[in-house]
Amino acid sequence: MPHQELKKAISSAVSKHRLDDSATTRIIAWLEQAEAGDFAARDQEEQLQKILSVLPGYQNAPEGDPKS
Amino acid sequence: MKLELLGWSSKGLRCPDAEIKLIDENDHVPQVALIQMPNGTGKTTTLNCLRAAMDGSAEFWPQAYVMEFQDSTKKSDQGVFITTLRVIGSKWLIIEMTFHFDEGVVTYRTTFGSRNEDGYKPPSEVRRYMDAQFSKLLLFNGELAGKLITGFKEEHSPSGIEPTDANQIIDTFYGLHHVQELQKCAKSSYEQYLLTRKVSGRAAQVARLENALTKLRARLRILETGLNDSKTARLKLEEEIQNLQKANEDHLRRSEVYRKKQEEAISSREKAQKEIEVLLQKIAHDFPNPVFLNDRVRGGLKLLAENLDTLKLPEPTSRTFFEELLQEPLCICDREMTESAKLAIRRHSNKILGGDINGFLNAFKMAVRAHCQHPCVPSIGDHLGLLNSAHDRAAAAQSQLDDILAQAERQGDAEVKSRTEQLTAKQKRLNEIVAFIEEAERPPRAGDSEDGSCISYFRSKVAEHERLLAQATDSLDRKERTDTLTSVLASAYESAHASFKAAAIKQANGQLRQILKFNLVQISDIDRVIKLHNRSQGSEGQNLTVGYVFLAGVLHGGGNQFPLVVDSPAGKLDDEVRKEVGTLLPKLIKQLVAFVIASERQWFVEPLADSANEDVLYLTHLRLNDYTRTMIIPGLGGDTVSNSDSGVVIKGRDAFFALGEESAKHKELES
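Presented here is a report on the structure given in the accompanying data block.

## A word on the side chain of Arg127 of chain B
Part 1 of the argument: Within the secondary structure layout, Arg127 of chain B lies in helix 3 (residues 124-127).
Part 2 of the argument: Residue class for Arg127 of chain B comes out buried when judged on its relative accessible area of 12%.
Part 3 of the argument: Only 2.9 Å separates the side chain of Arg127 of chain B from the backbone oxygen of Met130 of chain B, close enough to count as a polar contact.
Part 4 of the argument: For Arg127 of chain B, the residues in contact, after removing those within four places along its chain, are Glu35, Ala36, Gly37 and Asp38 of chain A together with Tyr120 and Pro122 of chain B.

Below you can see the structure in the form of structure tokens.
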């Protein structure tokens, strides 16, 4: 399990970017699998796509996106 | 998490066949295990096998590297290395590595409790601590701790294991390196995606953008690395310059001719420098006060306060006052409250009562009035004048000191001359470095080009080209999602890393205050190297102390316990430093397994054993050949705890200390 402090930092970064909470869950799931080892490249990519699918794309970026 | 190393055994490998048991018959694992292995006994092979047992990396070793582990005398087809660990004080974890020399591969078998399976499969409770990043923290060369402060030069380990730095240690321990892995994964997935997005008709444009981007990224990487290196070099040069200047001043202070003049100049420089310090603090303190910045603000405020409405009260809070006053038999001026008086009060109160803002305006007027009654405070102009004058005095004193030095040099003082030459060269180099740092860190400006060194300019050019490439390949949507993810991860990483770093510094500084009571060194920051307060490095002993305190603090934080396997902990140290490190290690590390050679024992082992309350296991591991069999082993004594046709392990303090002594005795007898 990722460290509690790291989970908090991810959750806070997700909310700072005004993103859906499901992004936090999916990012933490990816990190959990990485920590557990045996995280094959194909599974990594599959989990990554799950994260990307809940993030806003080019047409629907939140206004005042903090990364820009 | 508590992980203990209980021992290991090897068979058919380059190191002699042997079994090393760190746990005794009462299930006790000593705090310190000292394993003495003379050169040529296969120490490197053992350490590399232990590391591979702790991270599963042998599955990926190239064939040629695997073959290096083969016993060159017997050339057997297989070799086995078994490592035994204990997890959380109870369950045993056994990692078995089989070397298949006919194929040049290594396979693993993992046993945990009653579970026994093929492959590298540590249980979930320890899995995160058994990877290549983490194994670098548990098995390391004795020089690592010191290098966490002095930094790593371009080093390359033959086993392909990169040295780790202080920041990485924090990242590894708290799992932040996985955040960086996810970032890398997202970026490389996007790059792969771009390769599939060849839009017809735009091939030339895409190729041009890709080329430009490659060049820009390469230049940016060079500049960022250069900036990091320059900052480290600047710190080092500044300290060297300071030391040389101090050495010159100390030298002249001893001379009858220059002492008086020099002391006057130094005292005047120090006085001016203190004034500068005080004035700078004052300016920083008063800076938020607008009156301090310009006295005309005071006049302006007074004028504003005078021109505000007079005799106004905030309506919501003050209306009740008038209503209650009308019920009183007497007014506040002691006159009787007649009907005509009541009428007059009602009429005037409506004029006096204003909005809520009047409460604030009244307070503002009072504050301005009080402020204007104070005598004028010195303005920033006055302070800057004083600062200039103090600066001039400091410069004049410095120039006096330079004159004294020049005079001494003219008089043929060789020491001063040599130091002054060094100073000139170092100052020149420092100026160049500072100029580069300023140029690299400045904001971009009109006229910047790719010939320059402004990092922000290159970052914006890279971003611009990435966007153009995304447009040209119709990949803006995917780029947006990838950028959002990497930005979220960067922000989470930064915040978590800062928090872990602050905790590590606090913890280490607390412990350093206890350990280095008489020569205190404190950590100011952790970057690639650990930065110390007011100096770039401490003495060798201080550097090692800080390094070990930091490392042990991170590894043993939160009740965790891991074994630290250190190769040659006292190898290149002076006698005094050996004693310091020997005493220190058991105070910090709960299980230390140290590989030593005979020449390291002196000044190191006894303080180490004292500090560990004699909870020490002494093992001497020798390769068996005619010489060791006839000349060495008979004179050692001790208990033979492992014996094969290629190696022997002898347990006992006396045998441990006798190794190396018996050959000297033998030579003595012969002569």
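Still to come is the rest of the account.
## Remarks on the packing of aromatic side chains
To describe a pair of aromatic rings, one takes the distance between the centres and the angle between the planes.
Residue and element names in this part refer to chain B.
Part 1 of the argument: For the coordinates displayed, the defined rule picks out 24 aromatic pairs over all chains.
Part 2 of the argument: An angle of 75° between the planes, with centres 5.3 Å apart, marks the rings of Phe321 and Phe322 as edge-to-face.
Part 3 of the argument: Above the ring of Tyr193, the side-chain terminus of Arg478 is found at 4.7 Å from the ring centroid.

## Observations concerning the pattern of salt bridges
All names here are of chain B.
Part 1 of the argument: Tallied over the full model, the rule gives 30 salt bridges over all chains.
Part 2 of the argument: Residue Glu339 pairs with Lys342 through a salt bridge whose shortest N-O separation is 3.9 Å. Separated by 3 residues within a single helix, Glu339 and Lys342 lie in helix 13 (residues 339-352), roughly one turn from each other.
Part 3 of the argument: Asp525 is the partner of Lys501 in a salt bridge, and the nearest nitrogen-oxygen pair spans 2.9 Å. With Lys501 in helix 18 (residues 476-515) and Asp525 in strand 11 (residues 523-526), the pair connects residues that are 24 residues apart, well separated along the chain.
Part 4 of the argument: The buried category is assigned to Lys501, whose relative accessible area is 18%.
Part 5 of the argument: Through salt bridges with shared partners, a single ionic network connects Glu191, Arg217 and Glu466.

## Here's the deal with the sheet that holds strand 7 (residues 115-118) of chain B
All names here are of chain B.
Part 1 of the argument: Across the sheet, which stays open at both edges, the 6 strands sit in the order 2-1-4-5-6-7 with antiparallel pairing between neighbours. A single partner strand is all that each edge strand has here, and the edge strands are strand 2 (18-21) and strand 7. Strand after strand, the sheet turns through a mean of 15° between neighbouring axes, direction not considered.
Part 2 of the argument: As paired strands, strand 4 (residues 78-87) and strand 5 (residues 91-100) are joined by 10 bridges and run antiparallel to one another. Each bridged residue has a counterpart across the sheet, and for Phe81 the counterpart in strand 5 is Met97.

## A look at the environment of Phe173 of chain B
Part 1 of the argument: With respect to the element layout, Phe173 of chain B can be found in helix 6 (residues 166-173).
Part 2 of the argument: On a C-alpha basis, the gap between Phe173 of chain B and Gln133 of chain B in space is 8.8 Å, while along the polypeptide they are 40 residues apart.

## So, the sheet that holds strand 3 (residues 32-36) of chain B
Residue and element names in this part refer to chain B.
Part 1 of the argument: Pairing is mixed in the open sheet, where 7 strands are placed in the order 8-13-14-3-15-17-16. The strands lining the two open edges of the sheet, one partner per strand, are strand 8 (139-141) and strand 16 (639-643). Across the sheet, the axes of successive neighbouring strands diverge by a mean angle of 20°, strand direction being ignored.
Part 2 of the argument: On the sheet, helix 22 (residues 626-636) packs against strand 15 (616-623) and strand 17 (647-651) and is oriented at approximately 165° with respect to strand 15.

Calculation criteria
- Every residue gets a number counted from 1 within its own chain, in the order that chain's sequence is written.
- Chains and ligands are labelled sequentially in the order written, the chains with letters from A and the ligands with numbers from 1.
- With the structure being a predicted model, the display of local features is reserved for residues of pLDDT at least 70 and the display and counting of side-chain atom pairs for 80 or more, all residues being used for whole-chain, interface and lining totals.
- For the side-chain quantities, the full set of heavy atoms in the structure was used; hydrogens and water were omitted.
- Only DSSP runs of H or I covering at least 4 residues are called helices, and only runs of E covering at least 2 are called strands; the numbering of each starts at the N terminus.
- Each residue is placed in one exposure class: buried if its accessible area under a 1.4 Å probe, protein chains only, is under 20% of its type's maximum, exposed if it is over 50%, and partly exposed if it falls in between.
- For this analysis, a polar contact is any N or O atom pair within 3.5 Å, provided that within protein one partner can donate a hydrogen and the other can accept it, and provided that sequence-adjacent residues contribute only side-chain to side-chain pairs.
- The contact definition used throughout considers only heavy atoms, calling two residues in contact when any of these lie within 4.5 Å.
- Any two rings among Phe, Tyr and Trp, with Trp reduced to its six-membered ring, count as a pair given centres within 6.5 Å; such a pair is stacked if its planes are under 30 degrees apart, edge-to-face if over 60, and tilted if neither.
- Any Lys NZ or Arg CZ found within 6 Å of a ring centre and within 35 degrees of that ring's normal is scored as a charge over the ring.
- In what follows, salt bridge is the name for a side-chain nitrogen of Lys or Arg lying within 4 Å of a carboxyl oxygen of Asp or Glu.
- Paired strands, in this sense, are two strands between which DSSP finds at least two bridges.
- Geometry is summarised by axes, namely lines fitted to C-alpha atoms with helices restricted to the contacting stretch, and by angles between N-to-C directions that run from 0 to 180 degrees.

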